[in-house]
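In case you want the letters, here they are:
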Amino acid sequence: MSSEAVIETQGLTKRYGRTWALRGLDIEVGRGQLYGLLGPIGAGKTTAIRVLTGLVRANKGQARLFGQPAGSLAVRMRHSVGVMVEEPAFYGYLSGRDNLELLASLSGGASDQQIDRVLGLVGLADRANDKVATYSHGMRQRLYLAQALVPSPELLILDEPASGLDPRGQVEVRNLLRKLNRERSVTVFLSTHLLHEVEELCTHVAVLTNGQVIAAGSVDELLGSRQVRLEVLTNNPQRALQILRGYHAVAEAHSRRKGVEVYCSLPAVADINEVLVDEGLRVFGLIPHRETLEQLYMRLTENDEVTPTADS
Amino acid sequence: MKLRQLLIAELNKLLAQRVTYVSYVVLTALVGLVVWGTWRYGLPHELQTALGDQFVVGGKVVTGPLIPLLLIEFPVAVYVLIPLLIAVATGGLVAGEKQTGTLRTILIRPVRRAGVLGAKLTAAWIHAAGLVVFVGVLSLLLGYIAFGPGDLVVMSFKGSSFSILAEPQALSHLALAYGLVVVAMIAVASLGVLLSVLCDNPLTAAGLTVAVLLVLQSLRLIPYFQWLQPYLLTEHIGAFRAALSPMINWPDIVTSLSYLGAYIAGPGLFAMCVFWRQDVRY
């Protein structure tokens, strides 16, 4: 196992009765990464987080946080970990501030200034003294994020952090996570089924279905290693097609109404431009269409028969 | 240090809940009713009958210390009402927090499960003791306000005899009796916490706790199960009676305390073992 890994799981298996939630989960999250665990509902994302945070016990395999065994015994390590798992749950008869103070007291306590700062960060400063029972779902979700930020985590484990937030709230949460990652090197491990959330926020991703990782790596690696579809707009499409069909870096080339469509690697785009110009053609445009995470995800999961797990 | 913080958190939660205050309001109403009934109608019928035909009583029979005695002897209070109020509170401690998801919110903090349950058990015990002490102190206070000081007439358990305890002696015997009820109610709280750990719904946990006590109480009354009687929790809830005779029956008290100790520790340890391994999926 890597010494730099903040989260590591090896062959993690969890079964609820006859239902398999995790079937040998292998994940490695490096320090400072923004790591997305992506998968359909019921893929085992929440179970993975439950095991990592000690809420449930794995049947087999290992889970480590900061190189130490995770689980209910990993109490000391959890001082450095902020967690959101499933729906926000608070004491409705206490105010947002009282809830935070109560929870912070279990992590060694937090000063009034720290509580105020976190409430301000999540946009709850104005309603901090109102009882949580009067909060909307979105406000509870913000408070849930706030409790994960108290006192000062090195690692955030977040289960669907943008769930229940309006579009502005979702953007604010993403910006906050980026800021924490950039300014304080906080490692973020989040599970979600929202593809755009991962695409916009994460540097690394693992795609999970039926309790197993089917693809993992940096987002650029996963998307950039694939071919791009390139639209080539020139003054002489017929000639361009002829040239590009014979060019080694082009896998396929087709004539299209507006020009030529070729499939090649992303670095080959500049070479294609150079070849066409050298042949005396005028190039009006080279438009690469990279495979989106959504397309990758759909392609990876299209053959999977999703069996319901305990998350669903 | 962490256990103290967890305990403070649990006590704060108990104090912040309406059900806690409702419990004290209900007990205040009960004590108030007993004081009013005694003021309006005098001695309870059994005591009046026992005294009236055979003795000429000089001075007061209804005195301040009589009210805590009536409340402790009143079976509804010690066998039904206080256990019910304890069961409602303990049901919420674990099963209630499972249902609302707040147990998950607690367990994702850097706390040990043993510490969390230890704090919950201790809070339940403090709450149980608090209810009993509240009844004792309030009834004594209201008794003194309504009827003034005086000696205490104590009937034997079966109503065949009675004794008179001088006031200082009466107060010390009452304190011991209430102390024994405190221990018995702590055992009820341990049972309640165990069932709260085993259930996912606070009402089910509270209902089961009361049901278990009723079943144990029923077993005492069924002749076939007479042999079980010395081992039953409900038998030892009545240990306070040994403190109410002029000569305190210490051997009976020690025996009952041993059984009550087992009823406190057994369910508590079992609850700890279950909670330690329990998957929290709520």
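Heads up: these notes are all about the structure in this document. (Residues numbered from 1 in each chain as written. Chains lettered and ligands numbered in written order. Predicted model: local features only at pLDDT ≥ 70, side-chain atom pairs only at ≥ 80, totals over all residues. Heavy atoms only, no water.)

### As for the overall build of chain A
Rules: Segments assigned H or I by DSSP are reported as helices when at least four residues long, segments assigned E as strands when at least two residues long, and all are numbered from the N terminus. Residue burial is assigned from relative accessible area. The probe radius is 1.4 Å, only protein chains are included, and a residue is buried under 20% of its type maximum, exposed over 50%, and partly exposed in between. Should any heavy atoms of two residues lie within 4.5 Å, those residues are considered in contact. We score Asp and Glu as negative and Lys and Arg as positive, and we do not count His or the chain ends. For this purpose, a charge sits on NZ of Lys, CZ of Arg, CG of Asp or CD of Glu.
Counting its regular elements, chain A contains ten helices and 14 strands. For chain A, the spread of C-alpha atoms along the principal axes amounts to about 75 × 45 × 35 Å. Out of the 312 residues belonging to chain A, those deemed buried represent 52%. Nonlocal contacts in chain A, meaning residues at least 24 apart in sequence, comprise 68% of its contacts between residues at least 6 apart. Of the charged side chains in chain A, 34 are positive and 36 negative; the average position of the first set lies 3 Å away from that of the second.

### Digging into the nonpolar core
Note the following rule: Only buried Ala, Val, Leu, Ile, Met, Phe, Trp, Tyr and Cys residues count toward a nonpolar core, and they belong to the same one when joined by side-chain atoms within 4.5 Å.
Counting 165 residues, the largest nonpolar core has I157(A), F189(A) and M185(B) as its most contacted members. Of all the elements, helix α8 (residues 167–198) of chain B adds the most residues to this core, at 18 residues. Excluding residues within four positions of it along the chain, M185(B) makes contact with V78(B), I82(B), P83(B), I86(B), A128(B), V132(B) and I237(B). The next biggest cluster of nonpolar side chains, apart from the first, holds 18 residues, and it includes A240(A), I243(A), L244(A) and C264(A).

### A short note on helix α7 (residues 113–147) of chain B
Basically, it comes down to this: Expected helix span is taken as 1.5 Å per residue step, with the number of steps being one fewer than the number of residues.
Given a rise of 1.5 Å per residue, 35 residues ought to cover 51 Å, and the 50 Å separating the end C-alpha atoms of α7(B) matches this to within 8%. Backbone geometry just downstream of α7(B) places G148(B) in the positive-phi region, at approximately 75 degrees.

### What about the sheet that holds strand β8 (residues 187–192) of chain A?
Residues and elements named next belong to chain A. Here is the rule we go by: Pairing between two strands is assigned when DSSP locates at least 2 bridges connecting them. All axes are obtained by fitting lines to C-alpha atoms, using only the stretch in contact for helices, and the reported angles, taken between N-to-C directions, cover 0 to 180 degrees.
Across the sheet, six strands lie side by side as β6-β7-β8-β3-β9-β10; this open sheet has mixed pairing. The outermost strands of the open sheet, each flanked by one partner alone, are β6 (81–84) and β10 (212–218). Within the sheet, the average angular offset between the axes of one strand and its neighbour, ignoring direction, is 10 degrees. Strand direction decides the pairing type here: β6 and strand β7 (residues 155–159), joined by four bridges, are parallel. Within the sheet, the bridge partner assigned to V83 lies in β7 and is I157. This element, helix α5 (residues 167–184), spans β3 (34–38), β7 and β8 of the sheet and lies at about 160 degrees to β7.

### A word on the packing of helix α2 (residues 18–41) of chain B against helix α4 (residues 66–73) of chain B
Each pair of packed helices can be described by the angle between their axes along with the distance between the axes. Residue and element names in this part refer to chain B. As a reminder, the rule being used: In what follows, roughly perpendicular refers to angles from 65 to 115 degrees, roughly parallel to angles under 35, roughly antiparallel to angles over 145, and oblique to any angle outside these ranges. Throughout, a crossing is termed right-handed when the near helix is turned clockwise from the far one, and left-handed when it is turned anticlockwise from it by less than a right angle. Note that Gly is not counted as nonpolar here; it falls among the polar residues with everything else outside the nonpolar set of Ala, Val, Leu, Ile, Met, Phe, Trp, Tyr, Cys and Pro and the charged set of Asp, Glu, Lys and Arg.
Contact geometry for α2 and α4: axes closest at 10 Å, N-to-C directions at 120 degrees. Viewed along their axes, α2 and α4 adopt a mutual orientation that is oblique. Here α2 and α4 pass one another in a crossing that is right-handed. Residues L30, V31, V34, V35 and T38 of α2 form the contact with α4, whose own contacting residues are L66, I67, L70 and L71. When the residues that make up the contact of α2 with α4 are grouped by side-chain class, the tally is eight nonpolar, one polar and no charged.

### Let's talk about the environment of G179(B)
Locating G179(B) in the fold gives a position in helix α8. Relative accessible area serves as the criterion here: at 30%, G179(B) is assigned to the partly exposed category.

### Observations concerning the pairing of strand β9 (residues 204–209) of chain A
Residues and elements named next belong to chain A. Burial within β9 is extensive, with five of its six residues counted as buried. In this sheet, β9 lies alongside β3 in parallel orientation, the contact comprising four bridges. Following the sheet pairing, Y35 is matched in β9 by H204. Pairing of β9 with β10, which is carried by six bridges, proceeds in the antiparallel orientation. Paired with V207 across the two strands is A215, which belongs to β10. Linking two consecutive strands that pair antiparallel, namely β9 and β10, is a turn of two residues; a positive phi of about 50 degrees is found at N210 within it.

### Structural notes on the environment of A9(B)
Residue and element names in this part refer to chain B. Along the chain, A9 turns up in helix α1 (residues 2–16). On the basis of relative accessible area, A9 is assigned to the buried category, the value being 6%. C-alpha separation for the pair A9 and K120, spaced 111 residues apart in sequence, amounts to 9.4 Å.

### Quick look at the environment of Q217(B)
Residues and elements named next belong to chain B. To be explicit about the condition: Here a polar contact is recorded for every N or O atom pair within 3.5 Å, except that within protein the pair must consist of a potential hydrogen donor and a potential acceptor, and residues adjacent in sequence are included only if both atoms are side-chain atoms.
Mapping Q217 onto the fold places it in helix α9 (residues 202–221). As a C-alpha pair, Q217 and A243 span 26 residues in sequence and 21 Å in three-dimensional space. Residues within four places of Q217 in sequence aside, it is in contact with Y79 and T234. In terms of polar contacts, Q217 uses its side chain to reach the side chain of R220, at 3.1 Å.

### Re the interface of chain B and chain A
What counts, and what does not: Once two parts are brought into contact, the accessible area they lose, counted with a 1.4 Å probe and summed over both, makes up the buried area. By definition here, a salt bridge exists when the distance from a side-chain nitrogen of Lys or Arg to a carboxyl oxygen of Asp or Glu is within 4 Å.
Of the residues lining the interface, 28 residues belong to chain B; the matching set on chain A comes to 33 residues. Interface area, chain B with chain A, both sides summed: about 2,800 Å², of which 56% is carbon and sulfur. Interface area lost by chain B to chain A is led by I108(B), R109(B) and R281(B), which between them contribute 26%. Seen at the junction of chain B and chain A, the total is two salt bridges.

### Things to note about the pairing of strand β13 (residues 259–264) of chain A
Two faces, one strand: in a regular strand the side chains alternate between the faces of the sheet. All names here are of chain A. Across the six residues that make up β13, a large majority, five, are buried. Here strand β11 (residues 228–234) pairs with β13 via five bridges, running antiparallel. Residue pairing across strands places L230 opposite V262, the latter belonging to β13. Looking at chain direction, strand β12 (residues 250–256) and β13 are connected through six bridges and run antiparallel. Residue pairing for β13: R256 is matched across the bridge by G259. Where β12 hands over to β13, the hairpin turn is made up of two residues, counted between the paired strands.

These figures capture arrangement, not role.
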